[in-house]
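# Geometric and topological summary
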Amino acid sequence: MEGLLANGAPRRFKSSCNGLYLTDERPTKTGTIYYDYSQNLWALPRQEWGPFQDWTFEQINDRQVAIKSHRGLYIGHGNSAWAKQAELAGEKEMITPVKNVDGSWSFKSYENRWLSAKDGTSEDPNRRFSNFKPENKECERWLLETYTPPKPPPLLAELLTDGGRRRFKAFDGTYLTYLETIFFTRNELIVKPWLGWTGDETQRWTIEQINEKEVAIRGSGRYVSHYDGDEGRPLFEANEWEMLTPVKNPNGSWSFKSRWNKWLSGGGYYQGKVHFMPQNLKCERWVLEAW
């Protein structure tokens, strides 16, 4: 246990059977199947650009630990033996670590099943589900690597203060808002007045660092995306269309440029709709408020 908790240093979990790393991935899609956005624990190739493979241990008692992600969420044994995440470490998040004779570690849940990186799909051999298996075999054994997360540049550090939790206030006093529409109709990003302390969940966003200069904006389980026709759309995964470069303007407001050199705007082509516009003018400048 002492070796596991030494210095409280972050660790990477490398699977002994396929060399993939335990990853707290942003909401994702595989092939044509959309997974529930809470199912975002995977084994993926090693990443150097962000904190999504950064894990720490918290001691619960003399023999159990909790495994916490960079977002402060804990790995737990979910329904159907899926690895799920929780804000608090309860019974389902209590893990018994076991050191194997080869120096690797295995992690047993309260239901006596082992954290695994075995299962996947034929569509992508470098993407494996994170779940719990009944036996401690090769894919249930993890090599722990010490990990020192890179410090964000000063500009990003300012955005990421308090976990990057922000409301985006537009030039006219309205706020960036996720709008969930009826079934089979695409969800939207709009701007509308503040919904109040108890009703503004769809106006709460989290800025996530992607690399040394780019971020993604997540809210309601979706990411702000530069979509077709320069529309702003909420999508499940953060790929190149969701990568934004933040710019701090002289008046203290912030602007966000996509990889297609257009700016997230609260005053686009249609009133109340969010678009990406070619210039960083008044409508593309946002006042960020902590929530």
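Source: prediction; values computed, not measured.

### Overview of the overall build of the protein
The secondary structure content of the protein amounts to two helices and 28 strands. Relative to the 2.2 N^0.38 estimate, which gives 19 Å for 291 residues, the radius of gyration of the protein is 21 Å and therefore close to what a compact globule would have. Dimensions of the protein, computed from C-alpha atoms along their principal axes, come out at roughly 65 × 40 × 35 Å. Here the protein holds 291 residues, and the buried ones make up 47% of them. At a minimum sequence separation of 6, the contacts of the protein that also span at least 24 residues come to 56%. When the accessible area of the protein is evaluated, it comes to approximately 14400 Å², of which 50% is carbon and sulfur surface. Averaging the coordinates of the 39 positive side-chain charges in the protein and doing the same for the 38 negative ones gives two points 1 Å apart.

### Details of the state of the cysteines
This structure, assessed with the given rule, holds one disulfide. With a sulfur-sulfur separation of 2.1 Å, cysteine 17 is cross-linked through a disulfide to cysteine 139. On the sign convention where negative is left-handed, the bridge of cysteine 17 and cysteine 139, at about 105 degrees about the S-S bond, is right-handed. In this pair, cysteine 17 is assigned in the loop between β1 (11-15) and β2 (21-24) and cysteine 139 in the loop between β15 (131-133) and β16 (142-146), connecting sequence segments 122 residues apart. The exposure class assigned to cysteine 17 is partly exposed, which follows from its relative accessible area of 24%. On the accessibility criterion, cysteine 139 (14% relative accessible area) is buried.

### Notes on the environment of proline 152
Following the sequence through the fold, proline 152 ends up in the loop between β16 and α2 (154-160). As a C-alpha pair, proline 152 and tryptophan 114 span 38 residues in sequence and 34 Å in three-dimensional space. Setting aside its immediate chain neighbours within four residues, proline 152 contacts Ala157, Leu160 and Gln209.

### Quick look at the pattern of salt bridges
The full count for this structure, using the stated rule, is 13 salt bridges. The salt bridge partner of glutamate 145 is arginine 46, with a shortest N-O separation of 2.9 Å. Taken together, the positions of glutamate 145 in strand β16 and arginine 46 in the loop between β5 (41-44) and β6 (55-59) put the pair 99 residues apart, joining distant regions of the chain. When its relative accessible area of 23% is taken as the criterion, glutamate 145 is described as partly exposed. Across the pair aspartate 230 and lysine 262 runs a salt bridge, and its minimum N-O distance is 2.6 Å. Within this pair, whereas aspartate 230 is found in the loop between β22 (222-226) and β23 (232-235), its partner lysine 262 is found in the loop between β25 (254-258) and β26 (263-265), the two being separated by 32 residues in sequence.

### What to know about the nonpolar core
One finds Phe168, Phe256 and Trp286 to be the most contacted residues of the largest nonpolar core, which totals 21 residues. Secondary structure elements with two or more residues in this core: α2, β18 (175-179), β19 (188-192), β20 (205-209), β21 (215-219) and β25. Contacts of tryptophan 286, omitting those with residues within four sequence positions, involve Phe168, Lys169, Ala170, Leu176, Val191, Ser253, Trp254, Phe256, Leu264, Ser265 and Gly266. By size, the runner-up hydrophobic cluster in this structure holds 20 residues, among which are Ala43, Trp55, Ala81 and Ala117.

### What about the environment of tryptophan 197?
If you trace the backbone, tryptophan 197 turns up in the loop between β19 and β20. For tryptophan 197 and glutamine 85, which are 112 residues apart along the polypeptide, the C-alpha to C-alpha distance reads 26 Å. Filtering out sequence-adjacent residues up to four positions away, tryptophan 197 remains in contact with Arg167 and Arg204.

### Details of the confidence of the model for the protein
Confidence in the prediction for the protein averages 87 pLDDT; 91% of positions are at 70 or higher. Considering only residues more than four positions removed or in separate chains, one finds that residues 27-38, a stretch of pLDDT under 50, has 28 contacts.

### Some details on the packing of aromatic side chains
Tallied over the entire structure, the rule returns 11 aromatic pairs. Relative to tryptophan 286, the ring of phenylalanine 168 lies with its centre 6.1 Å away and its plane at 70 degrees, an arrangement referred to as edge-to-face. Here phenylalanine 168 is found in strand β17 (residues 165-169), whereas its partner tryptophan 286 is found in the loop between β27 (275-277) and β28 (287-290), with 118 residues between them in sequence. Comparing phenylalanine 168 with tryptophan 286 shows no difference in burial state: the two are buried. A cation sits over an aromatic face here: arginine 127 above tryptophan 42, 4.8 Å from the ring centre. Taking NZ or CZ as reference, arginine 165 lies 5.9 Å from the ring centre of tryptophan 291, over its face.

Thresholds applied
- Residues numbered from 1 in each chain as written.
- Predicted model: local features only at pLDDT ≥ 70, side-chain atom pairs only at ≥ 80, totals over all residues.
- Heavy atoms only, no water.
- Helix = DSSP H or I, 4+ residues; strand = E, 2+ residues; numbered from the N terminus.
- Rg over C-alpha atoms; globule rule 2.2 N^0.38 Å.
- Buried < 20%, exposed > 50% of the residue type's maximum accessible area, 1.4 Å probe, protein only.
- Contact = heavy atoms within 4.5 Å.
- Areas by Shrake-Rupley, 256 points an atom, 1.4 Å probe, with all protein chains shown as cover.
- Lys, Arg positive; Asp, Glu negative; His and termini not counted.
- Charge placed at Lys NZ, Arg CZ, Asp CG, Glu CD.
- Disulfide = S-S within 2.5 Å.
- Salt bridge = Lys/Arg side-chain N within 4 Å of Asp/Glu carboxyl O.
- Core = buried A, V, L, I, M, F, W, Y, C linked by side-chain atoms within 4.5 Å.
- pLDDT = per-residue confidence, 0-100.
- Phe/Tyr/Trp six-rings, centres within 6.5 Å; stacked < 30°, edge-to-face > 60°.
- Lys NZ or Arg CZ within 6 Å of the ring centre and 35° of its normal.

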